[in-house]
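A structural walkthrough
One letter stands for each residue in the lines below.
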Amino acid sequence: MSDLGSEDAESGEAEKDIGEYEGDRDGEGRRHGFGKARLPNGDTYEGQYEHGLRSGNGTYRFKNGALYTGDYLQNKKHGKGVFFYPDGSKYAGDWVHDQRQGYGEYLYANGDTYTGEWANNKRHGQGTYVYKETGSKYVGCWVNGIQNGPAELIHLNHRFKGRFLNGKPLGRGKFIFDIGCEQHGEYIQPVQEKEEEDEDEPPLPLEPIWKVSEITKLTPWSPDDEELLVPKEGEGGEAEEGEIPSALDAEEGGDHPEGDAGEEGEEKREEEVNQDQEDQEITDFGG
């Protein structure tokens, strides 16, 4: 997802045409100050240089339609910047050594948005993911791009408060309905029994099951006050079919951000962009 192999690309271009450059230079003839460059691959850069490297504010246009405008440090996106991807998605926020890291907002091609913390190009920390199609949103913790930890899943007329593990609700929680009541219970991970003829095949993961414990009036409660529990089989009562919308049905299709517009899509976009990456531009020692 980052600009991997950029150093190899630079060294490999050392004896080739380095493109065109118009702008300031330092005493040794290196690009330094403000300048405009056109690379052999058709990409262009306009902005600040320091001793031959992109450093400071600049705008880089890729021949495939992508565009980055923001801060650079030694040829890497570093600081504040906005990246427009060819498929129409966009990231605006913090960068550290070519990685989305810090705080930022990602607008996905399908209209979904994520606003929050990032680490190593992944959603990581506190953040809010909004599903455009349904208006539902997940507000809570993320770990390496996956919903994980205390969170609230908000729908049009009700919401779920609890904990998530690997993108699924698990343990104690409650549904809060706009009509003024709550349904308390817990999500239990069922255990799939293996059949003798399928011993060599790994079992398919099963969806957590919601077990109801009680229905009350509105009460204050936070998932931070509860420990992640894995109750024994048979505790509580399973909700009747159709009684409540499941927390898993955020998109009326069961898809989650990590499987829809998430990391695989982001990685693919980064790889496509990086095929023509700006790091093909090499340090100019007077060319």
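Residues numbered from 1 in each chain as written. Predicted model: local features only at pLDDT ≥ 70, side-chain atom pairs only at ≥ 80, totals over all residues. Heavy atoms only, no water.

1. A short note on the overall build of the protein chain
On a plain count of helices and strands, the protein chain comes out with 2 helices and 17 strands. Residues classed as buried in the protein chain amount to 45% of the 287 residues present. Sequence separation of 24 or more characterises 37% of the internal contacts of the protein chain that already satisfy a separation of 6 or more. (Helix = DSSP H or I, 4+ residues; strand = E, 2+ residues; numbered from the N terminus. Buried < 20%, exposed > 50% of the residue type's maximum accessible area, 1.4 Å probe, protein only. Contact = heavy atoms within 4.5 Å.)

2. A closer look at the pairing of strand β4 (residues 53–61)
As judged from the 6 bridges shared by strand β3 (residues 44–50) and β4, these two strands associate in the antiparallel manner. In the strand pairing of β4, Glu50 is matched with Leu53. Where β3 folds back on β4, the antiparallel hairpin that results is connected by 2 residues, among which His51 adopts a positive phi of roughly 50°. In textbook terms, the turn of a hairpin is the stretch between consecutive antiparallel strands, and for β4 and strand β5 (residues 67–73) this stretch comprises 5 residues, one of which, Gly65, has a positive phi near 105°. (Pairing = 2+ DSSP bridges.)

3. Some words on the environment of Gly19
In this fold, Gly19 is placed in the loop between α1 (6–12) and β1 (20–25). Considered as a pair, Gly19 and Ala37 are 18 residues apart in the sequence and their alpha carbons are 7.2 Å apart. If we skip the residues at most four places from it in the chain, Gly19 touches Arg38 and Pro40.

4. Describing the environment of Arg61
Along the polypeptide, Arg61 turns up in strand β4. Taking the C-alpha atoms as reference, Arg61 lies 9.0 Å from Gly42; in sequence the two are 19 residues apart. In contact with Arg61, other than residues within four places in its own chain, are Asp43, Thr44, Ala66 and Leu67.

5. A word on the pattern of salt bridges
Scanning the entire structure with this criterion turns up 8 salt bridges. A salt bridge links Glu207 to Lys168; its shortest N-O distance comes to 3.3 Å. A residue pair is termed long-range when its members are at least 10 positions apart, and Glu207 in the loop between β15 (181–188) and β16 (209–217) and Lys168 in strand β14 (residues 168–177) qualify at 39 residues. According to the relative accessible area criterion, Glu207 is partly exposed, its value standing at 42%. Counted as one network, the salt bridges with shared partners bring together Asp26, Glu28 and Arg30. (Salt bridge = Lys/Arg side-chain N within 4 Å of Asp/Glu carboxyl O.)

That's the geometry; what it means functionally is another story.
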